[in-house]
Amino acid sequence: MTVTPPARSPRRRVPRNTLNPDRILDAAVALLDRHGPEAFTMRALAQELGVGTMAVYSHFKGKDEIIDAVNERLLGEIELPSGTGPPRGQLIELCVGMYRLFSEHPSALQLLTSRPLRGDEPIAVIDRMLCMLITAGLDPSAAARAQVALMQYTVGAALWVVRRKRAECEEAEAGLREKIRSRLADLPPDSYPSLVGLAPELVAAQQSGQAQYEAGLSALLDGLIRA
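Residues numbered from 1 in each chain as written. Predicted model: local features only at pLDDT ≥ 70, side-chain atom pairs only at ≥ 80, totals over all residues. Heavy atoms only, no water.

So, the overall build of the chain
What counts is decided by this rule: Helical segments are the DSSP runs of H or I of at least four residues, strand segments are the runs of E of at least two, and each set is numbered from the N terminus. We get accessible surface area from the Shrake-Rupley algorithm with a probe of 1.4 Å; when it comes to residues, only the shown protein chains can shield them.
When its secondary structure is counted, the chain shows 12 helices and zero strands. For the chain, the α and β elements follow one another from N to C terminus as α-α-α-α-α-α-α-α-α-α-α-α. On the chain, roughly 13700 Å² of surface is accessible, and the fraction owed to carbon and sulfur atoms is 54%.

This is the structure:
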């Protein structure tokens, strides 16, 4: 008896001559956000686009060039402050823009922390931050340390949010947030008086997203520029 294998569904292909660098980068961002740089390959990107792998190579030399282009494109979405108004307000505007980008696009966060900076966009962000810190009255050494501290806080806060979102998605059926509340409620007050006493406030702060980030940013800037 001959068994006929099931027919493969045809791969969805884009119309001829419609592939361009912008479409490739759109697909690359979507793929990187879903699966991260570790799983990103030219073959996976071609499948995302519905084209053959060589069609992608006709626009980009390889994976590294695409990833660098994605990094520059995403960081280019950060709007630089106009340059008017107090430096502190401009720093808040710039840092919140970075936080939103990193929270919405995990790929930008991963690429920023895993690859050397290339292109004008990321360099422009750093330069503007340093300029505002100098304008706020910091000396060169203090401005450099403050810029690194602001980047570390922003990247860390966004990474916290991204990982919590993923954990909640993976454990949605198990009720991750309810588990946290139950765990805090079960702690002995005599051993952990502050944690038990502030449990509702702690849970609220962890779930407040951008509001929590902005509260921490404001406190950080109070200590950095004292103005």
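Digging into the packing of helix H5 (residues 87-104) against helix H6 (residues 106-114)
Operational definition: Where helices are involved, their axes are fitted lines through C-alpha atoms of the stretch in contact, as for all axes, and angles between N-to-C directions lie from 0 to 180°. In what follows, roughly perpendicular refers to angles from 65 to 115 degrees, roughly parallel to angles under 35, roughly antiparallel to angles over 145, and oblique to any angle outside these ranges. Contacts are assigned to residue pairs that have any heavy atoms within 4.5 Å of one another. Each residue is assigned to one of three groups, with Ala, Val, Leu, Ile, Met, Phe, Trp, Tyr, Cys and Pro labelled nonpolar, Asp, Glu, Lys and Arg labelled charged, and all others, Gly among them, labelled polar.
The contact between H5 and H6 brings their axes to 4 Å, and the two run at 105°. With respect to H6, the axis of H5 lies roughly perpendicular. Only Pro-106, Ala-108, Leu-109 and Leu-112 of H6 make contact with H5, whose side of the interface consists of Leu-101, Phe-102, Ser-103 and Glu-104. The residue makeup of the contact of H5 with H6, split by class, is six nonpolar, one polar and one charged.

Concerning the confidence of the model for the chain
Formally: Here pLDDT means the predictor's own confidence in every residue, given as a number from 0 to 100.
Summary statistics for the chain give a mean pLDDT of 84 and a share of 86% for residues scoring 70 or more. Ranking the elements of the chain by mean pLDDT puts helix H9 (residues 176-185) last with 74 and helix H3 (residues 53-57) first with 95. Confidence drops under pLDDT 50 across residues 5-11; counting only partners more than four residues distant or on other chains, this segment forms three contacts.

Here's the deal with the pattern of salt bridges
Two side chains with opposite charge may pair up if their charged atoms get near one another. Counted only if it meets this: For salt bridges, the criterion is a side-chain nitrogen of Lys or Arg within 4 Å of an Asp or Glu carboxyl oxygen.
Scanning the entire structure with this criterion turns up four salt bridges. When the shortest N-O distance is used, the salt bridge between Glu-48 and Arg-34 registers 2.7 Å. One end of the pair, Glu-48, is in helix H2 (residues 42-49); the other, Arg-34, is in helix H1 (residues 21-35), with 14 residues separating them in the sequence. Where Asp-222 meets Arg-88, a salt bridge forms, and the shortest distance between an N and an O atom there is 2.7 Å. Taken together, the residues span a long stretch of sequence, with Asp-222 in helix H12 (residues 210-225) and Arg-88 in helix H5 at a distance of 134 residues.

A short note on the nonpolar core
The following threshold applies: As used here, the term nonpolar core means buried Ala, Val, Leu, Ile, Met, Phe, Trp, Tyr and Cys residues forming a set that is joined through side-chain atoms within 4.5 Å. Relative accessibility under 20% of the residue-type maximum defines a buried residue, over 50% an exposed one, and the middle range a partly exposed one, all with a 1.4 Å probe and only protein chains included.
Of all hydrophobic cores here, the largest spans 52 residues; its most connected members are Leu-45, Val-56, Ile-66, Val-70 and Phe-102. Elements with a contribution of two residues or more to this core: H1, H2, helix H4 (63-75), H5, H6, helix H7 (120-135), helix H8 (140-170) and H12. Beyond its immediate stretch of four places on either side in the chain, Ile-66 contacts Ile-24, Leu-25, Ala-28, Phe-40, Met-42, Leu-45, Val-56 and Phe-60.

Some points on the packing of H1 against H2
Our working rule: Two helices that cross are described as forming a left-handed crossing if the nearer one is turned anticlockwise from the farther one by less than a right angle, and a right-handed crossing if clockwise.
Taken N-terminus to C-terminus, the directions of H1 and H2 make an angle of 115°; their axes are 9 Å apart at the nearest point. Relative to H2, the element H1 lies roughly perpendicular. Crossing geometry of H1 relative to H2 is assigned as right-handed. Together, Arg-23, Ile-24, Ala-27, Ala-28, Ala-30, Leu-31 and Arg-34 of H1 and Ala-44, Leu-45, Glu-48 and Leu-49 of H2 make up the contact between the two elements. A class-by-class count of the residues in the contact of H1 with H2 yields eight nonpolar, no polar and three charged.

Considerations on the environment of Leu-133
Inspection of the secondary structure puts Leu-133 in helix H7. Judged by relative accessible area, which is 0%, Leu-133 ranks as buried. Between the C-alpha atom of Leu-133 and that of Leu-91, which follows or precedes it by 42 residues, the distance is 8.1 Å. Not counting the four nearest positions on each side in its chain, Leu-133 is found in contact with Leu-91, Leu-138, Ala-143, Ala-146, Gln-147, Leu-150 and Ile-225.

Notes on the packing of aromatic side chains
Quick note on the threshold: Stacked, tilted and edge-to-face pairs are distinguished by plane angle, under 30 degrees for stacked and over 60 for edge-to-face with tilted covering the rest, among Phe, Tyr and Trp rings (Trp via its six-membered ring) whose centres lie within 6.5 Å.
Inspection of every chain in the model, using the stated rule, returns two aromatic pairs. Judged by centre distance (4.2 Å) and plane angle (5°), the ring pair of Tyr-99 and Tyr-213 falls under stacked. Of this pair, Tyr-99 sits in helix H5 while Tyr-213 sits in helix H12, placing them 114 residues apart in sequence. Residue Tyr-99 shares its accessibility class with Tyr-213, and that shared class is buried. Ring plane angle 10° and centroid distance 5.1 Å describe the contact between Tyr-153 and Tyr-213, whose orientation is recorded as stacked.

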